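# Summary of structural features
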Amino acid sequence: MGSGQRQHSAEAEQDFSNIDRAGLLAALAGILPASALLAEREDLKPYECDGLSAYRELPVAVALPENEAQVVAVIKACHAAGVPIVARGAGTGLSGGALPHVNGVVLSLAKMKKIVRIDPVACVAVVQPGVRNLAISEAAAAHGLYYAPDPSSQIACTIGGNVAENSGGVHCLKYGLTVHNVLRARVVLVDGEIIELGNHGPDAPGYDLLALFIGSEGLLGIVTEVTVKLCPKPQTAQCIMASFDDVMKAGEAVAAVIAAGIIPAGLEMMDKPATAAVEPFVKAGYDLNAEAILLCESDGTPDEVAEEIARMSAVLQGSGATEIRVSTSEAERLKFWAGRKAAFPAAGRISADYYCMDGTIPRKRLGEMLTAITGMEKKYGLRCINVFHAGDGNLHPLILYDANIPGELVRTEAFGAEILKLSVDLGGTITGEHGVGYEKINSMCDQFASDELGVFHAVKAAFDPPGLLNPGKAIPTLHRCAEFGRMHVHGGQVKFPELERL
């Protein structure tokens, strides 16, 4: 697999090669029914990667517990044997966070999919980690409620994975990320101890360990139950599709909307290559002549929506929009959003492979980033289509490549790393909602200095002293930073030896 087959257990101080596989499988077989323990190659293959398919590895085994007691027993068995544990939900993650460890166990929470209860008075739902994101809203709909965070993969992704990655979505500008919509989590630590973080009220005493845990990518513990907030379903919603003949104008319009004191329910941006890829797939009615389009949604009461749509339309027109269309029905509004949410599968129709990046920059610099990406396309000889959670500056460039062509994956990795480095240089971060995982671990060295990385490792060690939970992900060692020529040096040059050898 070329450079895609990197050694993901790069930490020199951790060596899991001497595990007793036969003893481990025997211990797990004593905990789980035969149907819930996979160890044959053909059974392990579906678990070799998550949504980032460029990197693959087979684990020793896959455990599929059906309840918390089995989760605890599996974790205790792995802890006793010194075996790495990689938690997995639906496998829709895009940063390699669920990439298996070659000497470890994948702990799948897919069978724990019970909605424990919905409390329409308190506006909360208590669910197991394998419950699909959209299933929460479907179950709460009878009470006029829904769960606000809506990743594009919401029909498949699970709430446990959402908690691990602090997932967002097209409506998180107004309603917040996962961290803003979770009240409580029940967590199993590496030694099998169960703790509860947060509570059912709006606040909890002491340190905010719940916020620390959400987005920790399976490095600190494994969630077995989550309490989420539910929101009243808005009475109505409308969406504006605004066209621009220049990506810089579109980026400036995003900043102008927020500067006007408007917080839309959603504010998304797609460039011309993205709309060209999506329109034949979804037939959303996008303006294919525009260099970029914005989708701006308002929700609330009919009067609130009418007023906000009028205000946003005026701002967009003043920012240079060449055309403004407002959805006239619920079906048309959903069609606008269906196109945006189908951007990833649409990319799969026009390219053998795609590599989805995830960085965040200040809103006012969106146009600058898009212009830079155009230059990078020429530099690396690859196409890129761009969809952004523009309202909060979260980028999702989709680099199109063919893994079967020698050198293309290497150029793709370099292309993505340059986007992330520029995100940092523009005042942003290397991830917004997809997590660091395996994909961005080297880019962490662009953003954080050695003392900062040291603090991250200290937090990890406090929760997971033996380092068994998702090792080799998210937090690089200084050795790894040096190995890949990515030491955090202000004004330094990022080197790609693999690229130079092409």
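Residues numbered from 1 in each chain as written. Predicted model: local features only at pLDDT ≥ 70, side-chain atom pairs only at ≥ 80, totals over all residues. Heavy atoms only, no water.

### Details of the overall build of the chain
When helices and strands are counted, the chain shows 18 helices and 19 strands. Its C-alpha atoms give the chain a radius of gyration of 23 Å, near enough to 23 Å, the size a compact globule of 502 residues would have. Dimensions of the chain along its principal axes, counting C-alpha atoms only, are 65 × 60 × 45 Å. Put simply, the chain has 502 residues, and 56% of those count as buried. (Helix = DSSP H or I, 4+ residues; strand = E, 2+ residues; numbered from the N terminus. Rg over C-alpha atoms; globule rule 2.2 N^0.38 Å. Buried < 20%, exposed > 50% of the residue type's maximum accessible area, 1.4 Å probe, protein only.)

### Comments concerning the environment of Val315
Among the structural elements, Val315 can be located in helix α10 (residues 302-318). In this structure the C-alpha to C-alpha distance between Val315 and Pro273, which are 42 residues apart in sequence, comes to 25 Å. Ignoring anything within four residues of it in the chain, the contact list for Val315 reads Ala256, Val257, Ala260 and Ile262. (Contact = heavy atoms within 4.5 Å.)

### Thoughts on the nonpolar core
Of all hydrophobic cores here, the largest spans 87 residues; its most connected members are Ile136, Val228, Met269, Leu294, Leu316 and Phe415. Broken down by element, the residue count for this core peaks at seven residues, all from helix α14 (residues 408-425). Val228 has contacts with Cys123, Val124, Ala125, Ile136, Tyr147, Ile159, Asn181 and Val182, leaving out every residue within four places of it along the chain. (Core = buried A, V, L, I, M, F, W, Y, C linked by side-chain atoms within 4.5 Å.)

### Focus: the sheet that holds strand β2 (residues 61-63)
With mixed pairing, four strands are arranged side by side in an open sheet as β1-β2-β4-β3. On the outer flanks of this sheet lie β1 (37-38) and β3 (85-88), each paired with one strand and no other. Inspection of the sheet shows β3 paired to strand β4 (residues 105-108) by four bridges, in the parallel sense. The residue of β4 that forms the bridge with Val86 is Val106. Relative to the sheet, helix α3 (residues 68-81) contacts β2, β3 and β4, its axis offset from that of β4 by approximately 165°. (Pairing = 2+ DSSP bridges. Axes fitted to C-alpha atoms, helices over the stretch in contact; angles between N-to-C directions.)

### Thoughts on the pattern of salt bridges
Going through the model one piece at a time under the given rule, you end up with 22 salt bridges. The salt bridge involving Lys341 is made with Asp150; its shortest N-O contact spans 3.4 Å. On the criterion of sequence distance, the pair formed by Lys341 in helix α11 (residues 330-341) and Asp150 in the loop between β7 (145-146) and α5 (159-165) is long-range, its members being 191 residues apart. Since its relative accessible area comes to 6%, Asp150 is described here as buried. (Salt bridge = Lys/Arg side-chain N within 4 Å of Asp/Glu carboxyl O.)

### What to know about the sheet that holds strand β8 (residues 182-188)
Reading across from one edge, β5-β6-β10-β8-β9 is the order of the five strands in this open sheet, with antiparallel pairing throughout. Each edge of the open sheet carries a strand with a single partner, namely β5 (115-119) and β9 (194-198). Here the average twist between neighbouring strands, direction ignored, is 10°. Where β8 meets β9, five bridges bridge the pair, whose relative direction is antiparallel.

### Overview of the packing of aromatic side chains
As enumerated under the stated definition, the model contains five aromatic pairs in all. On the basis of an interplanar angle of 90° and a centroid distance of 5.1 Å, the ring pair of Tyr55 and Tyr438 is categorised as edge-to-face. Of the two residues, Tyr55 sits in the loop between α2 (41-44) and β2 while Tyr438 sits in the loop between α14 and α15 (444-447), which places them 383 residues apart along the sequence. With respect to burial, Tyr55 and Tyr438 carry one shared label: buried. (Phe/Tyr/Trp six-rings, centres within 6.5 Å; stacked < 30°, edge-to-face > 60°.)

### Let's talk about the pairing of strand β19 (residues 394-401)
For a regular strand, side-chain orientation follows a simple rule: the groups alternate between the two sheet faces. Burial runs high along β19: eight of the eight residues are buried. Both faces of β19 are covered, namely the face carrying Asn394, His396, Leu398 and Leu400 and the face carrying Leu395, Pro397, Ile399 and Tyr401. Direction of pairing for strand β17 (residues 359-360) relative to β19: antiparallel, over a ladder of two bridges. Opposite Thr360, over in β19, you have Asn394 as the bridge partner. As defined by bridge partners, strand β18 (residues 383-389) adjoins β19 across seven bridges and the pair is classed as antiparallel. Along β19, the bridge assignment pairs Arg383 with Leu400. Hairpin connection of β18 to β19: four residues between the antiparallel strands, including Gly393 at a positive phi of 70°.

### As for the confidence of the model for the chain
For residues with low pLDDT, the predicted coordinates do not support detailed interpretation. Residues at a pLDDT of 70 or more form 93% of the chain, whose mean pLDDT is 92. Across residues 1-12, confidence stays below pLDDT 50; counting only partners more than four residues off in sequence or on other chains, it has 36 contacts. Overall, residues 486-502 carries pLDDT values under 50, and its contacts beyond four positions in sequence, including any with other chains, amount to 33 contacts. (pLDDT = per-residue confidence, 0-100.)

### Let's talk about the packing of helix α8 (residues 247-259) against helix α13 (residues 366-380)
The geometry of α8 relative to α13 is characterised by a closest axis approach of 7 Å and an angle of 150° between their N-to-C directions. Between α8 and α13, the crossing angle belongs to the class labelled roughly antiparallel. Between α8 and α13 lies a crossing whose hand is right-handed. Along the contact surface, α8 presents Val247, Met248, Gly251 and Val254, while α13 presents Leu366, Gly367, Glu368, Leu370 and Thr371. Tallied by class, residues from the contact of α8 with α13 come to five nonpolar, three polar and one charged. (Parallel < 35°, antiparallel > 145°, perpendicular 65-115°, else oblique. Left-handed = near helix turned anticlockwise from the far one by under 90°. Nonpolar A, V, L, I, M, F, W, Y, C, P; charged D, E, K, R; others polar.)

### Remarks on α10
The terminal C-alpha atoms of α10, which comprises 17 residues, lie 24 Å apart, in line with the 24 Å expected from a rise of 1.5 Å per residue. Tucked into the core, α10 has its buried residues touching β12 (236-244), α8, β14 (292-300) and β15 (323-326). At the exit of α10 stands Gly320, carrying a positive phi of roughly 105°. (Expected span 1.5 Å × (residues − 1).)

### Looking at the side chain of Glu433
Inspection of the secondary structure puts Glu433 in the loop between α14 and α15. Although buried, Glu433 forms no salt bridge, and the nearest oppositely charged side chain, Arg340, lies 5.9 Å from it. Among the polar contacts made by the side chain of Glu433, one reaches the main-chain amide nitrogen of Gly168 at a distance of 2.8 Å. Here His389 takes part through its side chain, which lies 2.7 Å from a polar atom of the side chain of Glu433. In this view, Glu433 contacts Glu165, Asn166, Ser167, Gly168, Gly169, Asp358, His389, Asn394 and His396; residues no more than four positions away in its chain are not counted. (Lys, Arg positive; Asp, Glu negative; His and termini not counted. Polar contact = N/O pair within 3.5 Å; in protein donor to acceptor, adjacent residues only side chain to side chain.)

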